[in-house]
Amino acid sequence: MAKQKVRIQIKGFDHKVLDQSAQQIVEALERTGAVVSGPVPLPTRIKKFSVIRSPFIDKDSQEQFEIRTHKRIIDIVEMTSKTVDSLANLNLPSGVSIDIKI
């Protein structure tokens, strides 16, 4: 196959599940003979929300919530014909989003 650099970006809310799925992807790629660099952790995106607790009496009191989105990047430097098949057959846990860019 031609030498193409493939970038896999993984997103999730739980960092433990995200690390397990990244390790699972790296192991599957290395079994096929592909050269892999990563997983590289990217900065965590923190989204914060403030909500008023009660609209009448406790108008000045607020609750804060946050959503943390963790990201990892895996680069495939050299790939074989089996690599694409192994990526298609992976079973990743729910809550993990994967984007593959060629």
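Residues numbered from 1 in each chain as written. Predicted model: local features only at pLDDT ≥ 70, side-chain atom pairs only at ≥ 80, totals over all residues. Heavy atoms only, no water.

1. Focus: the overall build of the protein chain
Along the protein chain, the regular secondary structure elements total two helices and four strands. Ordered by position in the sequence, the α and β elements of the protein chain form the string β-α-β-β-α-β. Relative to a compact globule of 102 residues, whose C-alpha radius of gyration would be 13 Å, the protein chain shows 19 Å and is clearly more extended. In terms of overall dimensions, the protein chain has C-alpha extents of about 65 × 20 × 15 Å along its principal axes. Contacts in the protein chain between residues far apart in sequence, at least 24 positions, make up 73% of those at least 6 positions apart. Split by element, the accessible area of the protein chain, about 7,300 Å² in all, is 51% carbon and sulfur. For the protein chain, the distance from the average site of its 16 positive side-chain charges to the average site of its 12 negative ones is 4 Å. (Helix = DSSP H or I, 4+ residues; strand = E, 2+ residues; numbered from the N terminus. Rg over C-alpha atoms; globule rule 2.2 N^0.38 Å. Contact = heavy atoms within 4.5 Å. Areas by Shrake-Rupley, 256 points an atom, 1.4 Å probe, with all protein chains shown as cover. Lys, Arg positive; Asp, Glu negative; His and termini not counted. Charge placed at Lys NZ, Arg CZ, Asp CG, Glu CD.)

2. Some thoughts on a nonpolar patch on the surface
Where nonpolar side chains cluster on the molecular surface, the patch consists of F13, F49, V51, F65 and I67 and spans about 470 Å² of accessible area. Those elements giving two or more residues to the nonpolar patch turn out to be β2 (35-52) and β3 (62-78). Position of I67 among the secondary structure elements: in strand β3. On the accessibility criterion, I67 (38% relative accessible area) is partly exposed. (Patch = residues over 30% accessible without salt bridge, like charges linked within 9 Å, V, L, I, M, F, W, Y side chains within 5 Å. Salt bridge = Lys/Arg side-chain N within 4 Å of Asp/Glu carboxyl O. Buried < 20%, exposed > 50% of the residue type's maximum accessible area, 1.4 Å probe, protein only.)

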